[in-house]
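Next come the chains, spelled out residue by residue.
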Amino acid sequence: MDKRYLVDTNFLVQAERYYPQDIFPSFWERLRENIEDETIALHVTVLEEVYKNDDDLADWMKSVPKFTPVEISEEAFNKYLELCAWAKDPQQGYSQAAIATFEDNHHADAWICAECAVSGFVLVTNERRSNTPNNVKIPNVCDAFQIECMSVFDFMRLKNFKF
């Protein structure tokens, strides 16, 4: 099977913000196709973040009929604990607030990093590397744990999104 891609919540949220469905319907159709053919995978924690808002994005996600969310496996849970321990290491330099956000069960970042680490998904995010102590950034975690990570634009180019 070809590579599969696990998307960060910000992929979807920023797509809704910058590529509204009524102006860029071809983008949303291409995204739907990639979800339905399982090129794009959606983690349960990403879906929780999307569904907590009663908005067009949540409605659109509910309209995508054919996909199975990626659940939290025991292996991913153990990797999540490892990632959280890494973030807490004083050598990483993260603030307590940054660590608390990263560890939050209702925040997808640590969970999707853990899933990619154990399942081999490529993580797709709009986040950029940063050395700020105020936020544990996905690309920094991916670098530390040799998790393949790419930007949304790189993904769109790779998968031939045109609109």
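See above for the structure.
If you're wondering where the values come from, they're calculated on a predicted model, not measured in any experiment.

**Student:** Tell me about the packing of helix α5 (residues 74–88) against helix α7 (residues 108–119), and name the residues and values.
**Tutor:** Interhelical geometry of α5 versus α7 gives an angle of 120 degrees and a closest axis separation of 8 Å. Classified by the interaxial angle, the pair formed by α5 and α7 is oblique. Read as a crossing pair, α5 and α7 show a hand that is right-handed. Where α5 abuts α7, its residues Glu75, Ala76, Phe77, Lys79, Tyr80 and Leu83 lie against Ala110, Trp111, Cys113, Ala114, Glu115, Ala117 and Val118. For the contact of α5 with α7, a count of residues per class yields ten nonpolar, no polar and three charged.

**Student:** Pulling in residues and values, what's your account of helix α6 (residues 96–103)?
**Tutor:** Within the sequence span of α6, burial applies to Ala98, Ile99 and Phe102. Looking down the long axis of α6, one finds its buried residues gathered within 100 degrees of arc, a one-sided arrangement. Away from the buried face of α6 by more than 90 degrees, exposed residues Gln96 and Ala97 are located. Taken together, the buried residues of α6 touch α5, α7 and α8 (138–144).

**Student:** Could you give an account of the packing of aromatic side chains, naming the residues involved and the relevant values?
**Tutor:** Any aromatic ring pair is given by two values, namely how distant the centres are and how the planes are angled relative to each other. Per the counting criterion, the structure on display carries 13 aromatic pairs. Measuring from centroid to centroid gives 5.5 Å for tyrosine 19 and phenylalanine 24, while their planes differ by 85 degrees, and the two rings are edge-to-face. On the basis of relative accessible area, tyrosine 19 is assigned to the buried category, the value being 16%. Taken together through their ring pairs, the aromatic side chains of Tyr5, Phe11, Tyr19, Phe24, Phe27, Trp28, Trp60, Phe155 and Phe161 make up a single cluster.

**Student:** Hey, could you go over the sheet that holds strand β3 (residues 122–125) for me, with residue numbers and the actual values?
**Tutor:** Judged by pairing direction, the sheet is parallel, and its four strands sit side by side in the order β2-β1-β3-β4 without closing on themselves. One side of each edge strand has no neighbouring strand; the edge strands of this open sheet are β2 (40–41) and β4 (149–151). Here strand β1 (residues 5–7) runs beside β2; their pairing, made up of two bridges, is parallel. What sits directly across from tyrosine 5, in β2, is isoleucine 40.

**Student:** Provide a residue-level description of the pattern of salt bridges, including the pertinent values.
**Tutor:** Evaluation of the coordinates by the stated rule reveals seven salt bridges. A salt bridge links arginine 32 to glutamate 29; the nearest nitrogen and oxygen atoms lie 4.0 Å apart. Residue arginine 32 and its partner glutamate 29 are both found in helix α2 (residues 25–36); the two are separated by three residues, about one turn of the helix. Note that lysine 88 and glutamate 103 form a salt bridge whose closest N and O atoms lie 2.9 Å from each other. Residue lysine 88 is located in helix α5, and its partner glutamate 103 is located in helix α6; the two are separated by 15 residues in the primary sequence.

Cut-offs used in this document
- Residues numbered from 1 in each chain as written.
- Predicted model: local features only at pLDDT ≥ 70, side-chain atom pairs only at ≥ 80, totals over all residues.
- Heavy atoms only, no water.
- Axes fitted to C-alpha atoms, helices over the stretch in contact; angles between N-to-C directions.
- Helix = DSSP H or I, 4+ residues; strand = E, 2+ residues; numbered from the N terminus.
- Parallel < 35°, antiparallel > 145°, perpendicular 65-115°, else oblique.
- Left-handed = near helix turned anticlockwise from the far one by under 90°.
- Contact = heavy atoms within 4.5 Å.
- Nonpolar A, V, L, I, M, F, W, Y, C, P; charged D, E, K, R; others polar.
- Buried < 20%, exposed > 50% of the residue type's maximum accessible area, 1.4 Å probe, protein only.
- Arc of directions from axis to C-beta.
- Phe/Tyr/Trp six-rings, centres within 6.5 Å; stacked < 30°, edge-to-face > 60°.
- Pairing = 2+ DSSP bridges.
- Salt bridge = Lys/Arg side-chain N within 4 Å of Asp/Glu carboxyl O.

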